[in-house]
Structures are given as C-alpha cells and as structure tokens.
Amino acid sequence: MTGTANIPAHPNRGRTIKDIFTYLALALAGLMSAGPVVYLLATSFKQTYSRMVPLSVLWSPSLANYHTIWFDHPFKQWMINSLVVATIATIVILFLDSLAGYAFARKRFRGKDSLFMLLLSTLMIPLAVTLLPTFLLANRLNLVDSYQALILPALAYPVGVFMMRQFIQTIPSELEDAGRIDGMTDLGIYFRVILPLCIPGLAVLGLFTFLTQWSAFLWPLIVATSDRSRTIPPGLATIPGQYNTDWGLATAATVSSMVPMLIIFALFQRYLRQGFSGGRTTKG
Amino acid sequence: MADVSIRQVNKLFGDVRAVNNVSLDIHDGEFLVLLGPSGCGKTTLLRMIAGLETPTSGEIVIGDRVVNFVPPKDRDIAMVFQNYALYPHMDVESNITLGLRLHHTPKTAIKERLDAASVWLQLASLLKRTPRQLSGGQQQRVALGRSVVREPKVFLMDEPLSNLDARLRVNMRTELIKLHRRLSATIVYVTHDQSEAMTMATRAAIMRDGVLQQCDTPLHIYRRPANKYVAAFMGNPEMNFLRASVTRQGSELQFTGESFQVPVPAHRRAAIEAAGTNEVWLGVRPEAIMLERPEGQSGVIEAQVDVISPMGGNTLIYTLFGEENVVADVPSEIEPAVGEKVALRFDPERLHAFDLKTENTLW
Amino acid sequence: MYRETPPVSSASELILASATPVPVERDPSQTKPLTAPLRQRITQALGPYLFILPKFLFFGIFLLYPLVRALMLTFQGGAILSGLHWVGFRNYERIIHDDIFWRSLWNSVYYTVLVIPSVLITGIGLAALLNRQIKFRAVFLILLVVPSVASTVAASVIWSYLLQFDGGLFNQLLGIVGIGPVNWLGDPQLVIPVFVALEVWRGAGFYTILFMAAMQSIPTHLYDAASIDGATGWQSFRLVTLPLMRPTILFATVMATIWNLQLFDSPYVMTRGGPGYASMTIVMYIYTQAFRYDQMGLAAAMALVLLILIMLLALAQLLIFRKEIEF
C-alpha cells in the first residue's frame, strides 16, 4: 500500500511545530512562485511607459495593452502560428509514437533491439548539433519560414516512443489475445484495444509535447524569419527593447501567451496524476 | 462441435522445448482438462489450439482441417482467460458482442444470442456496466458470456477459476459442468488444480515439462496412474511412496524396504516377474491403509503415530517407522493416541509399484 | 440452438510416457515440415515494420541525417550562400584557440553545476513538504506549477521586468529594507546565479511533481517499520525516502544535465551574452557563429564538442550510479 503521507508525524510532540514550519515554507514557496506572475498580471492592466508599477494599479485596471497586443500587433499571428504548430505536432506525434511504442512493446521482429538502441542513443544529442544541418535542409527545400519547417523536425524526437512503450507494457497481453480471437486485425487491435487504454499515457505525452512545442525558441528563432510563421517565443523575445520597453505591452503579451497553456494544463491535469503510475486497467 | 486432434506437436521457444511431441485426440463434446504444474506446457498447448502460438512441428486439427496457419478468428473457437481479458473501456454488452460484430453476424442473431446468454448467466442487469464496476465472479460470467455467444466448435479455458476466492470457485465449478452439459460443448480446460480436474473433466491429460504423461478419465488416472509423477500429482493428500526391493522368501515374493516388509499380492506376481527389475517404488494411497492393533500379525507394518489431523468425517494419521513417514486416511471413529504403536495394513487390491529408474508403473 | 449431447467415448485411453522427455521422432510419412502460406509469412514478418515506419521516416530525415551532415559540416568552411568546401581540421584548430569558445563552455558548465543541486534540493524539499498530511495541497501545487507553464522566453521576459535596475520589483523590494539597487544583469558575478534562480523558479513545479510521484510509490509499511525501529522523521527521510528515490534522482540529474548544458533562451533574451561575455553560453555562441557570422562549419564543430561533453557527463553519471538503473 502506498500513501500520500509518507513522513510519519510523531504523535503529538513536535507535531504542531513541524506543521507550522511546513505551511510557512510552502506559503513562502507559493508566494515566490506565483508572486511574480501576479505582479506581471497587474502590470499588464496598466497603460504604462513608466518603469515603476506599484500594486495599486489593481484599483484601475485597463485593457488597453491587451487591445493593442491583439489588434495592433503581429502578436495575434504569432498566437495562431503557435497554436497550429503545437497542435498539429502533438497530434501527429501521439500517433507516430504510440504506433512505434506498441511495436516495440509487443511485437517480434528482426532488429528490434538494435533499432530501439538507435532511438535510445539519440536522447543525449543536443539540439544545437542537428539544428544547423536541418536549417540547411529546410533552406534547400525552400521551407524556411513555413509551418512545415516548424512541425516536421519535431516529429523525429524519440522520447515519446519510450514513454508509450513503457506504458503499453502495462496493458495485459491477454487483451490482445482476446482481440485476435474476436477477429481484430493487427491495426484493429491497435485502434480498438491499445489506443483507448493508452489515453492516460497519451495525455501526459501530449501535454509535454504541446508544452515543448509551445515554448520552443531556438529553432523557430532560426527558421521562422518573418511574422508569417513566427511563433510566440521568438516574437515575444523582440518586445523587450534595448533601452525603452513598453512593459505594459510586454506583460500583456506574456500573460496572453501563458493562457492557452494554463487552459490545457487545467483540462488534462488529472491525467498527470494517473500518468505517473502507468496504465490502469481492470484488475480482472 | 468438433474433434480436436493434436498430432506430434512440438513447440520451441529458442532452446526451450515447451511442448514435446504431444499427441492427443480430443473428442467431440468432451470436457478435457490439461493438468499440470506451471511451466509444464499446458498453456502453450492451449494457445496453439487457439492459434495464438504456432507449433514448431506437428499438426493441430480442428474438425477435419489442419489449422496450424489459420488465424484464431477463423478457427471457430472461443477462449476464457485467467484474468478474463475483458476490454476495460467497453461496457459488458459491447464486450460480449464485439466478436460477433467483427465476424459480421447479422444483428438479429446477435441480439438473440446476447439475450439467451444474459438469461442463463444472469447478466441482464450488468449489460451497461464496465468491467471496472464488476466483481470477480461477475467478470468471469461476462467472459463466459463472451465465449458462449460465439457458438464455437471448441471452448478453450485457461485457468478461469484461479482468480476467484475459494467458495466462488467451488460454485463456478458446478456452473461450468452445467454449461458443458447444456451446450454439449467441446471444452479444453487448463488448470494446475487436480481437484478441478477430478470434479469437472470427462478426461484429463497430465503434462510434465512439455511431455504428456497420461490421458484418461480422472478416476482411471487416480486408480491406475501411468507413472510415479502422475500418482503423486493426483490425490490429496499425496500417495505414500516407499522404496523397496523385491526379495524371495521361500515361495513368496516380498517387497522389502529398509524398515518394513510387505508381501507381493498374488495376482501381481506375474507383472513383477515380467518387469525384470528388483528395485521399485511402492505406492499406496492413504485411504488404502487400514489401522490394526499390533498383535504380531503378518503382512503389516508396525509404526508409531506421530501427528493426528481430524478432518471431521475422516482423520489423517501420520505415522513413523524407521526413516519412513506414512499417512493413513481412516474413518474418524478410529482414534489412536499420539505415540501409540499401530499396525498398518496396505490393501493388496490398491497397491502400486513403480520401476525405481523409469518410474513407470509395473501394472 | 444447441444439439443434444452425444455420448462421450467410454473407452479410456492409457498413454504411457516415461518421465524423461523422448527425443523427437520424425514420422516417416511426414517428411516435409509445414510452413505457412507465403502471403501470411510476408504480412507477419513485415507487419511490425509498418508500425515503426512512420516514426523512423521522420527520425531518419530530421535526426539521423542531420547528425551525419553535422559531422561532415565540422570539416567544412565557407558560407551558406557562397558554398561550403572542405577545410580538414581547421575548424577544430580555430575553436581550440578561441577564448570566447572556452569562456562560453565554462559558463555553461558553471551554470549547470549550480543549477542541478538547486533544482534537486528545491524539488525534493518541496515534495517532502507536500507529501505530509496537509490541507490545501492542491492549491500549493498549482502555485508552484504556474511558472512551469510559462515558456522559457515568457519567464525571461517576466524576470527581465522584475530585475530592472531602475524600478524593477526586486530592487523596489530591496529599497524597502534599505538596500541599494542591484545591477542584477549587469554584474558579471551575479548574472549566472540569476539565471540559476530563474531556472529554479521555472522548474520547481515540474521537479516537485516528479519527486512527489517517486515518494508516493514508497510503501508506507517501510515507514511503519522505521518508526518501530525508533527513527525520527528526519532519519526515516534519510534512510528510507532518499535511498528509495535514487533511481528518480538519477534520472532527474541526467536529464537536467543534458537540458541545462544547452541553456540558450534566457541569456539570449535577457543579456545577449553580456555583460562582456559573462553570460555567453555555448549554445548561444554556436548560434552566433552560425547565423550572425555565417560560420556553419565552425559552429558545427563547437556543437560536436558540446555533444561529446554531454555524452561523457551523462555516461559518467549513469556508470557511477549504475545500480539504480531500471528500464
């Protein structure tokens, strides 16, 4: 039996002191984590070129910055680009990685171990190594400044394959046997048995992939050379200027960029908790 | 319904021979139990009948065709798994009917069969639930329902009762027997529990390390085991085994052990002489031993009572003599005291002898 | 629907077998082994490959090919437009003599060495606190996770704002307690620790969740046994919790090493590598060489050095803590 309260509190003595300390420490941590974001939020509601923003701004919020950022600024295009790229990349990766993960988890074929090792060995390769030639490739294919250039390289990362393989290994193989007897084809088993049972794992993978794609900076910086395909991170990086920054605008943009991620996180957070414990199927 | 023939089937996993040259004919309408400890090959054999594994050599025949390379869905079989293998994300009704739908069974037939199965297996109220919401016994009935509606030629069952608690297991045994009768089904059933085999099988096939040891009705196996392994496997408590040599005493033959001597029954003399060996394992089941007062009579073994286990209607009495332990199963009216000396008489009609080296039965 | 029961054969069959396995005998009438029909064999053999093909297609084109191409690039010089040509080992010679390259490498390593203990201690500490019987656990978690949701760039913008010398929140708060304003991003000694703090802030949520999951998988009866043995809270943390978390800690360390050695986003947005080259990281330098000075080959050579460094470090960590590995 595993538990949530693993650190046993000693009966009575010293207990309240420990608890007080715990709450204090957590409150402090919480404040330090969320405080800056609150301040950020407050700033975004103030029409300002000035640098000093006392908290009193909350009394008179203004949506002017948001208006500017959404209607008078390439930000909206960046947002659309980010959404398109992240969504498409995530969906495609979920399919690619679960198909491959299933094969590595359950099927027998020649070279399986070597191919798996090949995937594994690329985990440590820094982005900087592959980015340069990928840029040359994109250049040659005339794909610079396009959605394809942003999406396609992301599909190559093998991390998801490991995750899905790990997850699928927890699905009882008897279910596949039953499926085979019932009349499913190999692909049928994948769609009818494996995929539905992978949903928690897919949710976690999807969440992380979306997050990675959403916040990807270096590659879009290199390859999204105009606002046509520019995503939010490279765009956002242009807002703080060398000398005079309109912080109201910058903070409004930053807040806006966090909102979609917050929504997605909120929607899928229950899968995060499930996802860590692997697949859950009926105990029968 | 159909016959299933297993003809000289071998299965190798790398270097491991899981099934070793097994041949077996399963008759139409039989309830055949594949019995043995884990690793003996029974499940592998079942999976080969199902089509989930392919024999390395040999043939599997269902009905009148060789099905080695026929995929499971086309073999007209149904299987009940140890862990039920119900699709967790589908409700009970979908679990039961999926196979039929994938085989393009007409909707009316599906409904008919589903209704019939729901009635006998009492699933009607569970149809819309998911497996997570069911108890072990309920899941098992759903798994049965799934296989029943397929109206297969052969039912394959892989230790379906081992996940149930003891009481439920006993109930389900009788349910399965009734199912067998009702459907006139050919059932191939895998288990390691010899009492399941005794109660349910029309015939049992005992396997050990991939080799088929004996295939016969349970009672025949019990009374006439083919070798020492089978003799030990069937029956609880286990048969008593004593090493002995065949010696001549005047005109009589005797089984002589280190600390005992019993006469060779007259009607077995011929078999002993034909066997051409002097070293044997003597085997006698606990219920074939009678207790007498030690009064120097012949043909008995003097022993001392060690442990007494009353079972209610009968009592198990563990005795010691020399280095040997022998357990006797006697009516509960017999109540010796611990340490008391008793005389053990083996029923000559129910004595077994096994060649010491080959362990095969001598008669 | 069901036929009546046909009588079960009453003749019993007694098949005697020896206890030892018999060697396989080939029935002379069956000399040709059965094989599956060709079509089935093909689909069975090729089927699995279809499952992995899509992934490997992208993997091959966008990971393997660039890898090989990058290796080739390290031996090439020239610019993209004017064409690349072979220059042998010249790129490697140049980087050996490039002070900024070594400075950048050092900065990245220094940063990583500071970051890893920071995030581990923060993550484990917060996880330990959150694992206690407390109320509002979800609230605290949410507060901690909020910064993780911001992209690295967004986080950098936020901190740029907070760290402003003239009127940024941090300096405002310092002013309240009477300390003079600090030039966070302009002081060469402070700039890298600032980035460390930024990464701790941004990553706390993720690491906390990771370690919480690891802690929750430790069976409670071990703690019961420990307290019967007389262990205090801190002792059972040290003797039960930490040791059983080692695989996760190792995993986090290796991943964090790989990730943090590649630091680019925050220094690029906040300091462009300044002041001087105090916050120039190796990836930033690679980027600069490749896309500002059009020195692809040189940049590729530097990237290769980084690759080797990362692999060495990761392998070293894995080897040292080999017994914790489980796949």
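Residues numbered from 1 in each chain as written. Chains lettered and ligands numbered in written order. Predicted model: local features only at pLDDT ≥ 70, side-chain atom pairs only at ≥ 80, totals over all residues.

## With respect to the overall build of chain B
When helices and strands are counted, chain B shows nine helices and 20 strands. Overall, chain B is about 80 × 45 × 35 Å in size when its C-alpha atoms are taken along their principal axes. Sequence separation of at least 24 residues holds for 64% of the intrachain contacts in chain B that already meet a minimum separation of 6. (Helix = DSSP H or I, 4+ residues; strand = E, 2+ residues; numbered from the N terminus. Contact = placed C-beta atoms within 7 Å.)

## Some words on the pairing of strand β3 (residues 31-35) of chain B
All names here are of chain B. Counting buried residues along β3, five of its five residues qualify, which places the element largely inside the surrounding structure. Because side chains alternate across β3, one face comprises the buried residues F31, V33 and L35, and the other comprises L32 and L34, equally buried. Where β3 lies against strand β8 (residues 186-191), five bridges are found, and the strand directions are parallel. Directly across from F31, in β8, lies its bridge partner I187. Relative to strand β9 (residues 203-208), β3 runs parallel, the two being bridged by four bridges. The residue of β9 that forms the bridge with V33 is A204. (Buried ≥ 20, exposed ≤ 12 C-beta atoms within 10 Å, placed from the backbone. Pairing = 2+ DSSP bridges.)

## Describing the sheet that holds strand β15 (residues 289-292) of chain B
Residue and element names in this part refer to chain B. A sheet is described by the order of its strands in space; here five strands give the open sequence β15-β19-β16-β17-β18, paired in antiparallel fashion. In the strand order of this sheet, the two ends are held by β15 and β18 (324-331), each with one partner. If you compare each strand with its neighbour and ignore which way they point, the axes differ by 45° on average. Bridging between strand β17 (residues 314-321) and β18 involves eight bridges; their strand directions are antiparallel. Counted as the bridge partner of Y318 is V327 from β18. (Axes fitted to C-alpha atoms, helices over the stretch in contact; angles between N-to-C directions.)

## What about the pairing of strand β19 (residues 341-346) of chain B?
Residue and element names in this part refer to chain B. Where burial is concerned, the two faces of β19 differ: the one with V342, L344 and F346 is buried and the one with K341, A343 and R345 is not. The pairing of β15 with β19 spans four bridges and is antiparallel. Bridge assignment links E292 to a residue of β19, and that residue is A343. The pairing of strand β16 (residues 301-310) with β19 spans four bridges and is classified as antiparallel. Each residue of the ladder has a partner; that of I301, found in β19, is L344.

## A look at the packing of helix α2 (residues 92-102) of chain B against helix α4 (residues 136-148) of chain B
All names here are of chain B. Following both chains from N to C, one finds α2 and α4 inclined at 30°, their axes separated by 8 Å at the closest point. One element, α2, and the other, α4, form an angle in the roughly parallel class. Note on packing geometry: the crossing formed by α2 with α4 is right-handed. Contacts from V92, N95, I96 and G99 in α2 reach V142, G145 and R146 in α4. For the contact of α2 with α4, the class distribution of residues is three nonpolar, three polar and one charged. (Parallel < 35°, antiparallel > 145°, perpendicular 65-115°, else oblique. Left-handed = near helix turned anticlockwise from the far one by under 90°. Nonpolar A, V, L, I, M, F, W, Y, C, P; charged D, E, K, R; others polar.)

## Concerning the domain arrangement of chain B
By the assigned domains, chain B splits into domain 1 (4-229) and domain 2 (240-355). Placing a centre on the C-alpha atoms of domain 1 of chain B and another on those of domain 2 of chain B gives a separation of 40 Å. (Domains from an automatic or database assignment.)

## Things to note about the packing of helix α10 (residues 246-260) of chain C against helix α13 (residues 296-320) of chain C
Residues and elements named next belong to chain C. Between α10 and α13, the least distance of the axes is 10 Å, while the angle of their chain directions is 170°. Classified by the angle their axes make, α10 and α13 are roughly antiparallel. Seen from α10, the contacting residues are L250, T253, V254, T257 and I258; seen from α13, they are I310, L313, A314, Q317 and L318. Across the contact of α10 with α13, the residue classes tally to seven nonpolar, three polar and no charged.

## Brief notes about the interface of chain B and chain A
Quite often, the size of an interface is put as the accessible area lost when its parts meet. Chain B puts 23 residues into the contact, and the matching count from chain A is 16 residues. Listing elements by their share of the side of chain B that touches chain A, those giving two or more residues are β6 (77-80), α2 and α4 of chain B. Taken together, the residues that form the side of chain B that touches chain A break down as 15 nonpolar, six polar and two charged.

## Digging into unusual backbone geometry
Residue and element names in this part refer to chain B. Note the cis peptide between N236 and P237, where omega equals 0°. Locating P237 in the fold gives a position in the loop between α8 (228-233) and β11 (240-249). Residue Q122 is not a glycine yet carries a positive backbone phi of 55°. Turning to its location among the elements, Q122 is positioned in the loop between α3 (107-120) and α4. The exposure class assigned to Q122 is exposed, which follows from the 11 C-beta atoms found within 10 Å. A positive phi angle, close to 65°, is found at E359, a residue other than glycine. Mapped onto the elements, E359 comes out in the segment after β20 (351-355).

## Some remarks on the interface of chain C and chain A
With 80 residues of chain C at the contact, the number on the chain A side is 73 residues. Looking at the side of chain C that touches chain A, the element that brings in the most residues is helix α1 (residues 38-73) of chain C, giving 16 residues. Split into classes, the residues belonging to the side of chain C that touches chain A amount to 59 nonpolar, 16 polar and five charged.

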